[in-house]
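# A look at the structure
Each chain, letter by letter, is given below.
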Amino acid sequence: MTVRSFTHAAEVGGLLEGLVLETHSVTALLISREGICLSKAGLTESLNSTALAALVAGMFAATREVANIVGEEHFSILLQQGEKRNIHISLIGDRFMLVVVFEDNSRIGLVRMSTRRISSELQAILLRKPDESAEAAREALSMPAFREYAMNLVDQIFSVGAGGDSDAASGS
Amino acid sequence: MPHLDLDERLVTFKIVYSGPGFSGKTTNLRFVHKTLAERYRGEMLELDTEEERTLFFDFFPVFLGNIDGFSLRFHLYTIPGQVYYEASRKIILQGADGVVFVADSTEHRLEENVESFIMMQQNLAEEHGDISDFPLVLQYNKRDVEPRLEIGCVERHLKMEPGIPVTESIATTGYGVMNTLNLVSKEIIRRFRV
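## Details of the confidence of the model for chain B
Residue and element names in this part refer to chain B. Per-residue pLDDT for chain B has a mean of 90; in total, 94% of the residues score no lower than 70. When the elements of chain B are averaged for pLDDT, helix H2 (residues 86-93) gives the smallest value, 76, and strand E7 (residues 136-141) the largest, 98. Overall fold confidence for the complex sits at a pTM of 0.85, while the interface term, ipTM, reaches 0.90.

## Some remarks on the packing of helix H1 (residues 25-35) of chain B against helix H5 (residues 177-191) of chain B
Packed helices, taken two at a time, are described by the angle between their axes plus the distance between the axes. Residues and elements named next belong to chain B. With their axes 9 Å apart at the nearest point, H1 and H5 run at an angle of 95 degrees to one another. In terms of orientation, H1 lies roughly perpendicular with respect to H5. Only Val 177, Met 178 and Leu 181 of H5 make contact with H1, whose side of the interface consists of Asn 28, Phe 31, Val 32 and Thr 35. The residue makeup of the contact of H1 with H5, split by class, is five nonpolar, two polar and no charged.

## Concerning the pattern of salt bridges
In the structure shown here, the tally under the stated rule is 15 salt bridges over all chains. One salt bridge connects Lys186(B) with Asp155(A), and the closest N-O pair in it is separated by 2.6 Å. Here Lys186(B), found in helix H5, pairs with Asp155(A), found in helix H5 (residues 143-157), and the two come from separate chains. Residue classification places Asp155(A) among the partly exposed positions, given a relative accessible area of 37%. Across the pair Arg191(B) and Asp133(B) runs a salt bridge, and its minimum N-O distance is 3.4 Å.

## Some thoughts on the side chain of Asn113(B)
Here Asn113(B) lies in helix H3 (residues 110-128). Overall, Asn113(B) belongs to the buried group, its relative accessible area being 0%.

## Notes on the nonpolar core
Judged by nonpolar contacts, the single largest core of 42 residues is most densely connected at Phe146(A), Phe158(A), Leu72(B) and Phe74(B). Discounting chain neighbours no more than four positions away, the residues touching Leu72(B) are Phe146(A), Ala150(A), Leu153(A), Val11(B), Phe13(B), Val62(B), Phe63(B), Leu64(B), Gly65(B) and Ile67(B).

## Structural notes on the sheet that holds strand E6 (residues 96-102) of chain A
Residue and element names in this part refer to chain A. Across the sheet, which stays open at both edges, the five strands sit in the order E3-E2-E6-E5-E4 with antiparallel pairing between neighbours. Looking at strand neighbours, the two that pair on one side only are strand E3 (37-42) and strand E4 (77-81), the edges of this open sheet. Neighbour-to-neighbour, the strand axes of the sheet open up by a mean angle of 15 degrees, direction not taken into account. When strand E2 (residues 27-32) meets E3, the two strands line up antiparallel, connected through five bridges. Of the residues in E3, the one forming a bridge with Leu 29 is Lys 40. Lying over the sheet, helix H1 (residues 9-23) contacts E2, E3 and E6, oriented at roughly 40 degrees with respect to E3.

## A word on the packing of aromatic side chains
Applying the stated rule across the entire model yields seven aromatic pairs over all chains. Ring geometry for Phe13(B) and Phe192(B): centres 5.1 Å apart, planes at 85 degrees, overall edge-to-face. Residue Phe13(B) is located in strand E2 (residues 10-18), and its partner Phe192(B) is located in the segment after H5; the two are separated by 179 residues in the primary sequence. Like Phe13(B), the residue Phe192(B) is buried in the burial classification. Taken together, the aromatic side chains of Phe146(A), Phe158(A), Phe13(B), Phe74(B) and Phe192(B) make up a single cluster linked through ring pairs. Above the ring of Tyr77(B), the side-chain terminus of Lys14(B) is found at 4.6 Å from the ring centroid.

The rules behind the values
Residues numbered from 1 in each chain as written. Chains lettered and ligands numbered in written order. Predicted model: local features only at pLDDT ≥ 70, side-chain atom pairs only at ≥ 80, totals over all residues. Heavy atoms only, no water. pLDDT = per-residue confidence, 0-100. Helix = DSSP H or I, 4+ residues; strand = E, 2+ residues; numbered from the N terminus. Axes fitted to C-alpha atoms, helices over the stretch in contact; angles between N-to-C directions. Parallel < 35°, antiparallel > 145°, perpendicular 65-115°, else oblique. Contact = heavy atoms within 4.5 Å. Nonpolar A, V, L, I, M, F, W, Y, C, P; charged D, E, K, R; others polar. Salt bridge = Lys/Arg side-chain N within 4 Å of Asp/Glu carboxyl O. Buried < 20%, exposed > 50% of the residue type's maximum accessible area, 1.4 Å probe, protein only. Core = buried A, V, L, I, M, F, W, Y, C linked by side-chain atoms within 4.5 Å. Pairing = 2+ DSSP bridges. Phe/Tyr/Trp six-rings, centres within 6.5 Å; stacked < 30°, edge-to-face > 60°. Lys NZ or Arg CZ within 6 Å of the ring centre and 35° of its normal.

And the structure:
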């Protein structure tokens, strides 16, 4: 089993902070295609970013299928307009999405321009030196011990005793 | 593919509940959500139709705790079982680190179980290639129905090699649900490498 590691929080976070300030947006998030929020800036406390990331990733993937049906490879931008808040989602390469939540409708052009500007910078950071991040991951995680502790946590929390379970596992 | 964030010190795995329509995938997830203490779980999202079919997916995150300074998380998803939701099923299966196949034990549903299993295998193979070592648990749900399928009949029908972990459950009462999640989680962790 391979792993995708992420080691660029400071650089990515800096770019997102800059984007929020420049566009007067509420928040900006970087999300992976698997639905994981990698970095966020702006007002994020009141936002369920875990759920938002899962939903946005699903939404974008669904839109890609729609694009295929109408003869496009993908749609690179999604825009949802609400009464008070709007959401602008753009693709960063083929694995990441940049989400910007903003309030003032008249700033759509600015949001679009600014996200386009930082897209290539984000992409460059995200694609940089995968070998180095794999090495850093190996150094940070002591594997046999991690697996053992993780198994213990699974046994404690996903416990067989819960909900009237009995030993129902077998190998066929 | 597991997600490892070295800055935030997070390890996240994705578990997907697959299977034919109305086999009990959402019921499994609801039971897990209800059973886990609040500190371990996030909010559950359910995107369903008026007839309670899952339209897109159900989802919630589980926070297991810290290991050596790293937070361990599982993201649990269900996918729509109905054949005509093929596109959304494929999307949710993308990036899955482990799958629970929820089979319906109702006797006349053998064919649907088999068809759904084959589609799931195809979807996984498109992304992973060889899936012979992919973490997968086969759960025979609705063990309280009569007449019901014999344990092992789905595997026999598919001429599968022996060895796939199998569980029995009645998701409406919770019987076997946590055990299945425990098993698939361990299958994932056992194969986890950096």
